[in-house]
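Here are the chains, one letter per residue:
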Amino acid sequence: MKKFKVGIIGHTGRGNYGHSLDQSFIDNEYADIVSLTDFNEIEGIKKAKDWNVNYYSHQTMMFNSEELDIVVIAPRYTDCHYSLVQEALLNNCHVLCEKPFVQDLKQAEELISFATEKNLKIAVSLPFSYEDRFNQLRNLVEKDLIGKIHKIEGICKHDHRGGGEDFAILGPHFADMMLRIVGDPIVGYGFISKNGVSINKNDFIDGNEGLGKIAGDNIFASYQFKNGIIGTIQSKKLNILERSEQPYSLYIHGERGILVVRAPYADHSIWHYPAPFINNSTNIQWSKIETSHVDTYGDYQKMVAEDLILSIQQDKEPKSSAKTFRKVLEMLLMPYYSQLGSKLISFPISEREHPYYLNGVLSNDIK
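So, how was this worked out
- Residues numbered from 1 in each chain as written.
- Predicted model: local features only at pLDDT ≥ 70, side-chain atom pairs only at ≥ 80, totals over all residues.
- Heavy atoms only, no water.
- Core = buried A, V, L, I, M, F, W, Y, C linked by side-chain atoms within 4.5 Å.
- Buried < 20%, exposed > 50% of the residue type's maximum accessible area, 1.4 Å probe, protein only.
- Helix = DSSP H or I, 4+ residues; strand = E, 2+ residues; numbered from the N terminus.
- Contact = heavy atoms within 4.5 Å.
- Expected span 1.5 Å × (residues − 1).
- Bend = angle between axes of the 7 residues up to and from the residue.
- Polar contact = N/O pair within 3.5 Å; in protein donor to acceptor, adjacent residues only side chain to side chain.

A.B. asks: Can you walk me through the nonpolar core in this structure?
C.D. replies: One recurring pattern in soluble globular proteins: nonpolar side chains tend to sit buried together. Phe 101, Leu 250 and Ile 252 are the most contacted members of the largest nonpolar core, which totals 81 residues. Among the elements that make up this core, the one with the highest residue count is helix 6 (residues 164–182) (11 residues). If sequence neighbours within four positions are ignored, Phe 101 has contacts with Thr 78, His 81, Val 85, Ala 108, Leu 111, Ile 122, Val 124, Ala 322 and Phe 325. Ile 70, Val 72, Ala 123 and Leu 308 belong to the second largest nonpolar core, which has 23 residues in total.

This is the structure in structure tokens:
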């Protein structure tokens, strides 16, 4: 079996290596890490020496010097992802990229089209979909533990990033889980405010970590899925500091019960409530469903890397692919399209420009 040659791109001090994406191919029997680019030369040289791999101060130097099969684009900062993925594809490399993948749908479309043309795979690191706990959650739903689903809620961290930043960084996990549990949304509507007042274009800022244009300290996004299922993702700036107190969870409400799962990197448990609504006046109690534990971010990334290699070998899409993230990104941008147009937005969204840069109304919105 072919051993894939892997190059890692990081940026110590500006996104670093994301959620330990530099660990993704360590001890992988089908891959060898052969080179490293870190735009922080001191830290890059040190890491390359520790790993006994070649160091380059710029990715173009690495591409010109190495014959790579896979490139890991690790920095958290989204604004570098588009150009780095593009260059990797240009050099005939498959890609593993940190989330958020890119800033807008136009960038996503261009990279997906280019990868398809060259028959290259792009995996985006949303590792919860690879975890046994998520398979367990879906099995509980499919075995009708809570009956027919009528609502699914994603609650972001509500910390100092609450609103636009929290929604952009943590929202992808919830959008991804919803897509995998209840399918694609049909229509959506969003409410975005800042200091209690609905936002307009003057309220947009350039988000931290290269997120692009974001706005608001309070976002509530609602989606309608098939069979009348309603989904919501919400974030508000509440300055909750302690990780243990953050409400970061997914709630699945069924006709006979509720399932709750703490989002990735939390306590790795699923909770079940055997009634459709919480009633504190009864003796009904939440029960904890034990799940397997994932120790570190790096262990998550190894799952993503293993699946990417399998997708290359079998010529299929990775579980968490750029094409999947395109749908995630539609869900995350929907409240901005909706807020600025004061309209329901139908999926798939026809416009690909970021809503901040659009003039006029959307062509497929519902008035």
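Next comes the rest of the write-up.
A.B. asks: Just checking my understanding: could you explain helix 8 (residues 322–341) for this structure?
C.D. replies: An α-helix turns once every 3.6 residues. As a result, residues three or four positions apart point the same way. For helix 8, which comprises 20 residues, the first-to-last C-alpha distance of 27 Å matches the rise-based estimate of 28 Å (1.5 Å per residue) to within 8%. A bend of about 40° at Leu 333 is the largest found in helix 8, and the proline Pro 335 appears one to four places after it. Across the 20 residues of helix 8, 15 count as buried, placing the element largely inside the fold. The N-cap residue of helix 8 is Ser 321: its side-chain oxygen and the backbone nitrogen of Lys 323 are 3.3 Å apart. A positive backbone phi angle near 50° is found at Ser 342, which sits one or two residues after helix 8.

A.B. asks: Before we go on, may I ask you to explain the environment of Ala 275 in this structure?
C.D. replies: Note on placement: Ala 275 falls in the loop between strand 16 (270–273) and strand 17 (287–289). Among the residues examined, Ala 275 registers a relative accessible area of 10% and is labelled buried. C-alpha of Ala 275 to C-alpha of Ser 113: the two residues are 162 residues apart in sequence and 46 Å apart in space. Once residues lying within four places of it in the same chain are set aside, the contact partners of Ala 275 are Arg 256, Gly 257, Ile 258 and Ile 284.

Just distances and angles here, no functional claims.
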